[in-house]
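Architecture at a glance
Here is what each chain is made of, one letter per residue.
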There are 2 protein chains.
Amino acid sequence: MRQKLRAAAAVVGTFGLVAAPAALAEEGMWTFDNFPAERMQAQMGWAPDQPWLDRVMSATARLPGCSASNVSEAGLVLTNHHCVVACVTSLSTAENNYLEHGFMAQTREEELRCPNLTLDVLTSIRDVTADIETATAGVAPEDFARARDAEFARLVSDCARAGTRCEVVTLYQGGRYGLYEYRTFSDVRLVFAPEHSMAAFGGDTDNFNFPRYCLDFSFLRLYSAGRPAATPNHLDMRFTPLTDDEIVLISGNPGRTSRLRTTAELEFERDVNLPWQIETLGDLRDRLTAYSALGPEQERIASSTLQTVQNSFKGLAGRRQALADPAGLAHVAERQADLQQRVRRNRMATREVADAWGEIERAQTAYRGMFYEYQYLEQRAGDRSLLFAWARDLVRGATERDRPDAERLARYTDARVPAITQGLRANRSIAPSFEELHLAFWLSEVRERLPANNQAVRQILGTESPEALAHRLSQSRLSDPAYRMQLWQGGAAAIAQSDDPMIVFVRNWDGEARAVRERYVSQVEGPVALAQERIARARFRAFGDTQYPDATFSPRITYGRVTGWSEPGGRVVGPFAHTEGLYERSTGTSPFVLSERWADARGRLDPRGIFNVATSTDVIGGNSGGPLLDREGDVVGAVFDGNVHLLGGEYFYDGALNRSVTVTSTIIHTALSDVYGMHALVAEIEGR
Amino acid sequence: MRQKLRAAAAVVGTFGLVAAPAALAEEGMWTFDNFPAERMQAQMGWAPDQPWLDRVMSATARLPGCSASNVSEAGLVLTNHHCVVACVTSLSTAENNYLEHGFMAQTREEELRCPNLTLDVLTSIRDVTADIETATAGVAPEDFARARDAEFARLVSDCARAGTRCEVVTLYQGGRYGLYEYRTFSDVRLVFAPEHSMAAFGGDTDNFNFPRYCLDFSFLRLYSAGRPAATPNHLDMRFTPLTDDEIVLISGNPGRTSRLRTTAELEFERDVNLPWQIETLGDLRDRLTAYSALGPEQERIASSTLQTVQNSFKGLAGRRQALADPAGLAHVAERQADLQQRVRRNRMATREVADAWGEIERAQTAYRGMFYEYQYLEQRAGDRSLLFAWARDLVRGATERDRPDAERLARYTDARVPAITQGLRANRSIAPSFEELHLAFWLSEVRERLPANNQAVRQILGTESPEALAHRLSQSRLSDPAYRMQLWQGGAAAIAQSDDPMIVFVRNWDGEARAVRERYVSQVEGPVALAQERIARARFRAFGDTQYPDATFSPRITYGRVTGWSEPGGRVVGPFAHTEGLYERSTGTSPFVLSERWADARGRLDPRGIFNVATSTDVIGGNSGGPLLDREGDVVGAVFDGNVHLLGGEYFYDGALNRSVTVTSTIIHTALSDVYGMHALVAEIEGR
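This write-up is about the structure you can find in this document. (Residues numbered from 1 in each chain as written. Chains lettered and ligands numbered in written order. Predicted model: local features only at pLDDT ≥ 70, side-chain atom pairs only at ≥ 80, totals over all residues. Heavy atoms only, no water.)

1. Examining the side chain of Ser 595 of chain B
All names here are of chain B. Of note, Ser 595 is situated in the loop between α21 (579-585) and α22 (596-601). Of the polar contacts made by the side chain of Ser 595, one reaches the side chain of Glu 195; its length is 3.0 Å. Excluding anything up to four places from it in sequence, Ser 595 contacts Glu 195, Ser 197 and Met 198. (Helix = DSSP H or I, 4+ residues; strand = E, 2+ residues; numbered from the N terminus. Polar contact = N/O pair within 3.5 Å; in protein donor to acceptor, adjacent residues only side chain to side chain. Contact = heavy atoms within 4.5 Å.)

2. A short note on the relation of the copies chain B and chain A
The two chain copies are connected by a rotation around an axis plus a translation along it. Turning chain B through 180° and shifting it by 0.0 Å along the axis lays it on chain A, with an RMSD of 0.1 Å. The symmetry that links the two subunits is that of a two-fold axis. A share of 100% of interface residues in chain B that are also interface residues in chain A marks the association as one of identical surfaces. (Least-squares fit on C-alpha atoms with pLDDT ≥ 70 in both.)

3. So, unusual backbone geometry
Here Phe 210 of chain A and Pro 211 of chain A are connected by a cis peptide whose omega angle stands at 0°. Structurally, the position occupied by Pro 211 of chain A is in the loop between α8 (203-206) and β10 (218-224). Here the residue pair Ser 590 of chain A and Pro 591 of chain A is connected by a cis peptide bond, since its omega of 0° sits within 30 degrees of zero. Tracing the sequence through the fold places Pro 591 of chain A in the loop between α21 (579-585) and α22 (596-601). Backbone geometry at Asp 245 of chain A places phi at a positive 80°, although glycine is not the residue there. Within the secondary structure, Asp 245 of chain A is located in the loop between β11 (227-228) and β12 (247-252). Classification of Asp 245 of chain A as partly exposed rests on a relative accessible area of 43%. Here the phi dihedral of Phe 208 of chain B falls at roughly 70°; this positive angle occurs in a residue that is not glycine. Structurally, Phe 208 of chain B can be placed in the loop between α8 (203-206) and β10 (218-224). (Buried < 20%, exposed > 50% of the residue type's maximum accessible area, 1.4 Å probe, protein only.)

4. Observations regarding the state of the cysteines
Residue and element names in this part refer to chain A. Using the criterion set out here, one finds 6 disulfides over all chains in the structure. Between the sulfur of Cys 159 and that of Cys 166 lies a disulfide, 1.7 Å long from S to S. Residues Cys 159 and Cys 166 are joined through a disulfide that is left-handed, its torsion about the S-S bond being -60°. Residue Cys 159 shares its accessibility class with Cys 166, and that shared class is buried. (Disulfide = S-S within 2.5 Å.)

Pasting the structure below:
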């Protein structure tokens with residue numbers, strides 16, 4: 001019989017965005033100690049009790065960028081395939097390509113340890129808000145961050161024990177702080193992974209689409225002292241089909257949301273930042289494609305950058321599209337107006353918040369005026385050129401290290417110098433032609449997007465063409481780590497004397513770049529941060545923890561239903577993707593190619609079996625691999641993605657459109673028993 | 001002494017967008033017979049009188065896609081270099097590359113005739129609104145277009161004489177009609193063209209940027225009976241510098257504007273259509289780049305498509321950016337609200353307009369729901385594949401020609417069948433691999449953007465990969481014109497029997513494609529057209545011809561000032577680009593390369609000479625080459641472009657940002673006398 005697994009998990013302070021109008025039923029990434037059970041009961045007619053929540057908490061885990069659940073008493077962990085792809089790759093050899101053919105340990109002895117993979121299970125949370133407040137009481141504003149960080153460090157250091165990890169989590173933009181203690185498992189072994197082509201079926205083409213047919217699951221096992229960890233508090237898996245409209249929940253670690261952003265900021269994203277990113281990435285992709293076509297060596301050099309760039313498109317386009325949906329932004333505006341009204345009703349809040357929204361709006365206007373300058377001279381100067389990045393660290397580091405620590409740019413403070421030194425010393429091989437590509441891309445953009453009569457632009461471009469200049473700079477001796485260390489150790493004098501083309505180049509207009517940075521910090525970043533802090537305080541005053549905090553890659557729970565959605569314009573999408581659809585969508589060509597096992601199994605499988613499912617739960621990147629749960633707390637799948645509207649979830653949750661997408665326990669069971677013949681594993685997840 | 005040139009021009013009925021709030025001073029592409037002299041006088045303190053307008057009218061000309069002015073008594077015409085590039089190219093030989101080195105006729109004998117170039121000069125306009133109204137009175141709505149077009153044909157046919165061209169121009173969406181008679185010059189000779197690198201200095205990088213340094217001018221000469229045409233009513237050129245804030249006007253033929261669009265339509269453009277175009281064109285560009293890299297033959301095949309695609313980017317991005325500027329859309333909303341208020345004050349108008357704005361808005365929502373389906377199954381099906389286009393004409397044509405003419409799709413009515421036949425018969429060589437590229441691009445988009453469970457998508461894609469399917473289809477025998485004609489003549493029976501892969505493919509899902517088209521026509525196109533007509537009538541009722549009609553590539557005049565602008569965010573851009581800037585921006589590498597003549601001339605030239613100038617006149621594509629005029633009616637330059645904000649001019653004019661960009665008469669004079677040594681030409685334009 002199955003038992004609950006032990007891998008502990010615990011709880012955090014809480015709060016939330018807006019005690020919002022009724023429509024937003026499923027919104028919220030709630031901390032486990034502040035679950036809105038009454039609200040859910042009223043909305044859905046059912047809600048979990050605290051034992052239910054405690055049990056789920058203690059069976060949810062975190063791995064790098066992902067989430068997971070414990071599903072057997074012997075340390076078995078269910079997560080996504082895409083969460084373990086690095087492990088699968090590093091275990092593969094020329095003879096055993098587990099990425100291509102899958103990994104299937106029929107016995108415990110065949111389970112292989114994932115190098116460098118650590119899994120965290122939360123064991124306790126303590127509210128340390130009072131500690132932080134005491135430590136920072138009476139501290140001058142400019143010293144606040146330092147005092148707070150020192151207290152963070154003290155709390156973490158006091159908490160640390162062998163086999164655990166402690167961290168202070170900032171919730172509600174500083175309205176609350178939690179000290180989280182995790183038990184860490186550093187011996188994590190791979191049990192099962194399907195073929196990559198099945199896990200990522202449809203590839204980038206189907207990414208964010210639905211219906212969807214991804215077998216994006218895998219099993220790991222936690223080991224302790226060389227033996228499978230005993231995990232009595234695990235969750236059960238359920239293999240009966242999900243039903244339409246059924247209540248479900250998802251537990252996991254949502255990574256980051258920005259749901260307190262104002263309408264002015266989101267309009268800036270929609271109108272300036274995202275379109276610019278999409279347009280320029282298109283140009284870069286074009287250059288990378290042309291470069292790859294030069295030969296196999298160039299193809300190899302460009303491949304990972306090209307893939308990153310290609311993968312970014314759909315995400316960026318989806319975020320832009322979400323912001324372009326009038327309903328989404330209207331919803332944010334409504335919340336904002338609601339909070340503004342509450343603030344106006346309270347004299348102290350009115351005085352404290354003052355014109356925070358106006359300040360943010362004006363900062364966005366200022367940003368519009370300096371956006372390209374800031375991006376091209378400072379933030380993204382040099383594009384992805386390593387030579388440029390090294391040169392800037394050398395040039396700036398030389399000046400900054402001569403200053404008192406407190407007056408330096410944050411990157412060059414004593415605490416961070418070792419990391420820079422390490423970066424400069426590391427022996428990284430670079431391809432000058434690839435450096436040249438990135439430099440030429442960046443310089444062309446400078447020439448095109450910045451005004452011809454801008455002083456810095458003239459200094460950057462001189463009268464060379466972007467291509468000639470990029471070529472010249474790519475010949476820099478900074479490719480040699482010994483030369484880099486010589487300049488780093490030589491400090492300001494060495495920099496001033498260097499005749500290396502890249503050093504000379506960066507040195508010549510670093511003053512202008514710093515000036516743009518200062519303008520950005522003083523007119524955009526600074527004012528926005530201060531105004532947002534005041535808004536966050538007002539919000540916390542108004543709502544306290546009746547709302548949820550922005551995502552922080554710490555354990556949360558969200559609820560919703562099994563449900564499809566209606567596209568704007570009317571197309572109705574149902575909640576289920578059935579097995580037959582997998583076969584209809586396959587073409588024999590990547591990314592729509594079935595593995596041999598799946599091609600062979602077709603006749604044995606129920607064509608109406610539920611493969612992937614859409615639910616109205618509120619998740620975001622970091623939730624991947626986390627369990628989809630039914631009312632019993634049983635695992636009915638592992639969430640791995642969302643529809644395209646989920647991309648807007650960074651900014652707001654739209655209950656009519658935002659859908660999570662999960663690989664179901666039913667298809668996992670079918671796969672293991674009828675396709676892969678993993679009978680021992682099936683017995684284990686069945687609790688036999 | 002100079003005389004006014006004779007090439008006649010005349011006048012049209014008029015009207016306009018909105019007797020709008022004061023801020024929009026410089027807005028308007030006015031017809032010459034309805035110039036708002038009182039308004040301009042009130043705004044600018046000066047306005048031209050009717051003789052001034054008549055004189056300018058009669059010296060403005062039209063050539064394909066462009067405008068021009070007469071600037072000597074011997075038929076000399078000033079226009080842009082980019083308006084004559086086809087002529088320069090076709091006159092070039094291996095020995096004489098006039099595009100690269102320029103064309104400089106020192107004597108009349110050296111002037112070369114531009115093949116197929118015709119220049120139109122308007123000689124008269126007659127208001128034929130009453131004729132059209134009589135011809136269409138009492139006609140049922142479904143027969144209206146046919147009756148109107150028949151009357152158009154009658155009027156044109158009655159008007160036609162040797163050496164003239166007649167056309168009916170629809171103004172105010174049918175509020176007024178003008179019969180335009182042009183004198184046509186078909187013997188037009190090239191007199192002078194600078195080097196392409198100077199005319200297009202900065203290329204696509206600087207396109208829509210300012211300051212700008214393009215020597216984008218050329219001279220043509222009109223010939224009549226083999227001799228230079230006598231043009232006594234020409235305009236003078238002025239060579240003294242323009243001054244900041246000086247009043248200027250531009251005469252020419254703006255091509256197309258859509259300034260009566262509603263906010264709902266513009267939001268659709270901003271949020272759906274333009275981003276989609278930008279994103280997909282990026283993907284296509286990427287494929288074209290990779291294809292070009294395969295070898296010189298592929299590079300040749302792809303070059304013109306690649307260039308077209310690359311050129312589209314900046315225009316699309318600029319239009320998107322203009323719509324993303326909150327001020328622009330707010331301005332359209334304000335106008336719309338103003339008109340709605342006027343309508344509400346008038347019972348008859350209220351009844352007639354009914355819920356036209358709501359209908360358009362609902363149509364946009366419906367369009368959002370079918371946008372991708374309509375684009376990929378119908379509007380852009382097959383992308384740029386000729387094989388696909390032929391197959392669709394063959395398949396549809398076979399069915400349609402069996403129907404009564406009145407019931408056919410417009411493309412297949414008897415009147416248009418000859419053009420289709422000609423297209424099918426023409427001997428066009430195609431590259432199967434290039435066809436494959438376009439088909440694969442389109443099919444990949446179908447797979448990615450349309451839902452997997454859509455019926456038509458399943459029929460299109462089957463279980464082949466887009467690549468395999470594209471390859472198979474690219475082998476179609478339709479590349480052979482004889483086979484195409486055989487199918488065309490064989491009609492429905494031949495189509496039904498064909499086993500050609502492309503014919504079979506198109507045939508299989510043509511029903512679905514037609515169904516999408518029908519939905520589009522009935523839910524989007526039709527309702528929008530009807531609602532817009534009612535809005536246009538209401539607008540005409542409210543404002544009559546106190547406003548200007550949308551651009552129709554017929555003669556118009558606009559006024560404004562020499563002035564820079566302030567970018568949103570604060571950067572101030574002055575109105576002048578000086579000669580010194582040209583030298584500072586040159587790099588020796590395309591597109592910033594100086595010709596030898598210009599490199600040599602640097603020391604002889606005034607660095608502060610005005611090269612290009614920005615003005616607040618309201619122009620759009622088609623105005624290129626038209627004269628920039630001062631208060632005396634003298635030509636102070638040839639407009640050739642705008643700043644990036646001009647791209648929004650398709651939808652609205654933003655007086656704070658929209659700027660025309662002109663190559664000045666001063667730099668033209670400097671170039672001819674101090675760089676090119678064109679002394680006879682200088683004497684001619686000086687009127688000596």
